[in-house]
Every structure is written in structure tokens, then in C-alpha cells.
Amino acid sequence: MTFDFDQVFDRHDTGSTKWSRYSADVLPMWVADMDFAAPPVVIEALQQRLLHPLVGYSVAQDNLRQAIVADLWAKYAWRVQPQELVFLPGVESGFNMALKALVQPQQNVVVQTPNYPPLRHAPGHWGLNKVELEFLAQDDGTYATPLDALRQALDGGGALLLSNPHNPIGKVFAREELQAVADLCVQQDAWIISDEIHAELCYDGRVHIPTASLGADIAKRTITLMSASKAYNIAGLKTSFMIIQDAALRERVNHARCGMVDSVNPLGMEATRVAYSEAGPWLKALKQYLQANRDYLVEAVRSRLPGVSINVPQGTYLAWLDCSALDLGDPQRFFLEHAKVGLSTGSDFGDHSQPFVRLNFGCPRSMLEEGIARMERSLAQRSGA
């Protein structure tokens, strides 16, 4: 079976967040929403579900739980029980629930930066002490966790908000580093709140390692957040889940809904079930397409965008572009005004990230080529070439 990821869809006037932010002459490459149709089996299942005309309040059925459990075992050899799944309308509500339930006012919440803005802002919602811990840039273009600084920041407990695969730098934690980070959290009696929403999207033969799968002591203090939303491009259906393997911890975190976190969309749950149980061939083809897009992007940035540098994303469909050599002041605004390309603002991801922009390459190749061409022309015009 073949899938057409080159097809371009007009998303104007569909209520798309991505395509509504800017005027029609801007090519949006910002929010983590791919410009591909959802898997055909998912669309077909939704059409079939809607033959039943009632879409009232819904709960997760056993077949959904079993589909997720089977998928976690097949992909990661991670044994999870159906009752360990807690369904939510989004991962953001999950990590906020966990912080509310677990962290005390005098403790720290560590966020590795640059990082996804809702993760950065979450501690502030509950008046908690946030410590932003910068990754260490390595000579080979990768990023490493400063373990000594992490140990110091978690002295007295608290929590680590982990993003893996990491948004925006595209880092996929290798087992040795992830084990070191998790062991340190156990030693410091800190919670691990692990956002693993991009888990399926790893490249070059890498396989995601769920943090909680590293060992029983780690699982007891880990809240894992996952969803089919990113890999299968169904984010608008607002369905995700927490995996909490310790029963007491699960009850404690789930109690923190506090009247704010509602039940889950019935269509989203059906889409999630079908994605995990039937859309494997589509996902395999998608990853091949995205990896080819990534390779095209890396080569194009390095050869056609002078002054812009890029590390090779190991996962996700997001690229972190360093524009510091260009001295643009605000590179997001520059490319918006002069290239008509809408990127994500670097400063949203960290206090020291102003010279960066984030680019979403989860789109048809022609759209990616157009974005690069626009950026290339804007830089040539700026230099007078």
C-alpha cells in the first residue's frame, strides 16, 4: 500500500490554528501540526463511527486500552496494564495535573531548555519554583544533560519535566543518558513527568525508550504522557493518556483533575484505537518521508541559508535553527516580514533562545522547498546579493 504525502491540501477557512494565524500570503511552518491527511484507516473508522448518530459523553472501552497496551509492547517492549492508563484531552492538562498533585511549594521543578512553552510555563500556574537548566551543546551538534547541575537543582525532591523526544531540539535520549537522568531523580526523591508525545518519530534506526520502562524504582515515580496526536496527525481530536504504573500515584494524580480536566472526545478515542492497531504501514511510510524531508532541510540550510545553522534532528518533525550569526535581532519577525514564512519564536522556548527559530518540516516536500526558497531570497536581499 502506498500513501501520498506529496498531496497539498488547502487548509484556509477550515479553522486550522496553523493556517489562521497569518495572512494568506504567509507560509505557516510553526505549530506542531503536520500538513498531511490523517491515515486513511483512521478517516474510514471515523466515518463508520458517525453512522451511529450519538456522540455523547464517553469512556475508554477495553478495546482502546488493549490497543495501546499492545502497541507499547510491540514498539518498546514495555509491559503496561490496561488499568494503568488515564485518559485526558491533552498532554498539557496531564503535566499540570501531576505538578499540582505532587510538588510542594518549597521544591523545584526542573525544565531543560530550550523547551516546549507549555512545559516551561506549567510550574508558574501552581506557584512552584522553576529551574531552567540549559542543555550542553556538544561539538558533534548534539546536546547533553548537565547531570551535576540537575542533581543540585533537584536537591530536596521536586520534579523533572522531561521532553523525550525533545521539542524543539529533536533530541532522542540514548539509554545511557536517560538512565543516568532517571537514576538521579530516584536518588533525589524527585518525580519524573515525562512528555513522550513524539515517541514514534525517531530517525536513523533510533527507537524511543520510555523512561518508566528503565526499572521498577523509576516506574514508581514516573508519570508518562503519550498520544497518537503527533505521529498520526490527529491533534485536533484532543485525546491523550497518562501511564502511571503505581496505583497510589495514579489515584493521587488523577484526583488533581480538580474540576478542570474533562472527559475525552469519543471520536478522538476511536481514532486513537485505530491508529495504534491498524495504521502501522502508514506510520512507517510517514517516517521515511519525514526523514527524507529532514535530510533535505539540513542540506538546504547548510548550503543555501548563510548564517543559519542547524543540528540534525534525531526525532520529531521540528528543526531548531540558530540564526545568531545573522544578528537579526528577532529572526522570527525577519522571516515573517521579508520571507513571508511563519516560524516559531525562539524566545518562547527559553530565555537565551532569542536568536533561534523553530521550523516544522512535517509537510509536503513542495511546501518545504517553497519555505526554504523564500528564506533564501530574503537573506540574499538583505545582503544585497
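Residue numbers here run from 1 along each chain, matching the order of that chain's written sequence. Only residues with pLDDT of 70 or above have their local features reported here, since the model is predicted, and side-chain atom pairs are shown and tallied only from 80 upward, although totals for entire chains, interfaces and linings are computed over all residues. Each side-chain value is worked out from all heavy atoms of the structure, with water and hydrogens disregarded.

Identification of the chain as PatB family C-S lyase from Pseudomonas ekonensis is taken from an unreviewed UniProt entry. UniProt positions are given in the numbering used here, feature names are shortened, and annotations may be inferred rather than shown by experiment. One UniProt comment on the chain, placed under Cofactor (unreviewed entry), says "pyridoxal 5'-phosphate".

Draft legend 1. A look at the pattern of salt bridges. Salt bridges, as used here, are contacts in which a Lys or Arg side-chain nitrogen is within 4 Å of a carboxyl oxygen on Asp or Glu. The final tally for this structure, using the stated rule, is 19 salt bridges. Residue E200 is joined to K75 by a salt bridge in which the shortest nitrogen-to-oxygen separation is 3.5 Å. Residue E200 is found in the loop between β8 (191-195) and α8 (216-219), and its partner K75 is found in helix α3 (residues 62-76); the two are separated by 125 residues along the sequence. Residue K75 is classed as partly exposed on the basis of its relative accessible area of 26%. Across the pair R374 and E370 runs a salt bridge whose closest N-O atoms are separated by 2.8 Å. Linking R374 with E370, this pair stays in helix α13 (residues 365-383), spanning 4 residues, or about one helical turn. One network of salt bridges, with partners in common, ties together R11, K18, D33 and D35. Helix and strand labels come from DSSP, where a helix needs a run of H or I of at least four residues and a strand needs a run of E of at least two; each type is numbered from the N terminus. Burial classes follow relative accessibility: with a 1.4 Å probe on protein chains only, a residue under 20% of its type's maximum area counts as buried, one over 50% as exposed, and anything between as partly exposed.

Draft legend 2. Focus on the UniProt feature "domain: Aminotransferase class I/classII large" (unreviewed entry) in the chain. With numbering matched to this structure, UniProt assigns "domain: Aminotransferase class I/classII large" (unreviewed entry) to residues 31-374. Along residues 31-374, the helical share is 39% and the strand share 16%, with 19 Å between the first and last C-alpha atoms.

Draft legend 3. Layout of the environment of E337. Mapped onto the secondary structure, E337 falls in helix α12 (residues 331-339). Assessed through its relative accessible area of 48%, E337 is described here as partly exposed.

Draft legend 4. Quick look at empty space enclosed by the protein. In the cavity and pocket records, a cavity denotes points on a 1 Å grid over the protein atoms alone where a 1.4 Å probe fits but cannot get out, a pocket denotes an open set with protein on both sides within 12 Å along at least 5 of 7 lines, and lining residues are residues with an atom within 4 Å of a point. Grid points are joined across faces, edges and corners, and a volume is the space filled by probe spheres set on the points. Counting across every chain of the model gives 2 cavities of 30 Å³ or more. In terms of lining, the largest cavity is formed by I68, D71, L72, Y76, E196, A199, E200, M226, S227, F241 and Y276. Among the elements that make up the lining of the largest cavity, the one with the highest residue count is α3 (4 residues). Its boundaries defined by the atoms lining it, the second largest cavity holds a volume of some 30 Å³. Lining the second largest cavity are H12, K18, W19, Y22, S23, A24, V26 and P28. Grouping the constituent residues of the lining of the second largest cavity by class yields 5 nonpolar, 2 polar and 1 charged. Gly is placed with the polar residues, together with every amino acid not listed as nonpolar (Ala, Val, Leu, Ile, Met, Phe, Trp, Tyr, Cys and Pro) or charged (Asp, Glu, Lys and Arg).

Draft legend 5. Geometry of the packing of aromatic side chains. Pairing of aromatic side chains here covers Phe, Tyr and the six-membered ring of Trp, requires ring centres within 6.5 Å, and sorts the geometry by plane angle: under 30 degrees stacked, over 60 edge-to-face, intermediate tilted. Counted according to the given criterion, the structure contains 14 aromatic pairs. Considering the side-chain rings of F241 and Y276, the 6.2 Å spacing of their centres and the 75° angle between planes classify their relative orientation as edge-to-face. Residue F241 is found in strand β10 (residues 240-243), and its partner Y276 is found in helix α10 (residues 266-278); the two are separated by 35 residues along the sequence. The burial state of F241 is the same as that of Y276; both residues are buried. Here W320 and F349 contribute two aromatic rings whose centre-to-centre distance is 5.3 Å and whose plane-to-plane angle is 65°, an arrangement assigned as edge-to-face. With W320 in strand β12 (residues 318-322) and F349 in the loop between β14 (344-345) and β15 (356-360), this residue pair connects regions lying 29 residues apart in the sequence. The same class applies to W320 and to F349, which are both buried.

Draft legend 6. Structural view of the sheet that holds β15. Here, any two strands with at least 2 DSSP bridges between them count as paired. Read from one edge of the open sheet, 4 strands run β11-β12-β15-β14, paired in antiparallel fashion. At either margin of the open sheet sits one strand with a lone partner, and together these are β11 (309-310) and β14. Note: β11 against β12, 2 bridges, orientation antiparallel. Following the sheet pairing, S309 is matched in β12 by D322.

Draft legend 7. Up close: unusual backbone geometry. Here N164 and P165 are connected by a cis peptide whose omega angle stands at -5°. Structurally, the position occupied by P165 is in the loop between β7 (159-163) and α7 (175-187). That bond from N167 to P168 is cis: its omega, 25°, falls within 30 degrees of zero. Its location among the elements puts P168 in the loop between β7 and α7. Located in the positive-phi region is K238, a residue other than glycine, with phi close to 50°. Relative to the helices and strands, K238 is located in the loop between β9 (222-226) and β10. Positive phi is not limited to glycine here, since K340 has a value of about 55°. Position of K340 relative to the elements: it lies in the loop between α12 and β13 (341-342). Accessibility expressed as a relative area gives 32% for K340, which makes it partly exposed.

Draft legend 8. Representation of the packing of α12 against α13 within the structure. In the contact formed by α12 and α13, the axes pass within 9 Å of each other and the chain directions differ by 95°. Taken together, the axes of α12 and α13 are roughly perpendicular relative to one another. Contact residues: α12 offers F334, F335, H338 and A339, while α13 offers R374, M375, S378, L379 and R382. Only C-alpha atoms enter the line fits that serve as axes; for helices the fit covers just the stretch in contact. Angles between N-to-C directions range over 0 to 180 degrees. Convention used here: angles under 35 degrees read as roughly parallel, angles over 145 as roughly antiparallel, angles from 65 to 115 as roughly perpendicular, and any remaining angle as oblique. Contacts between residues were defined by any pair of non-hydrogen atoms, one from each residue, lying within 4.5 Å.

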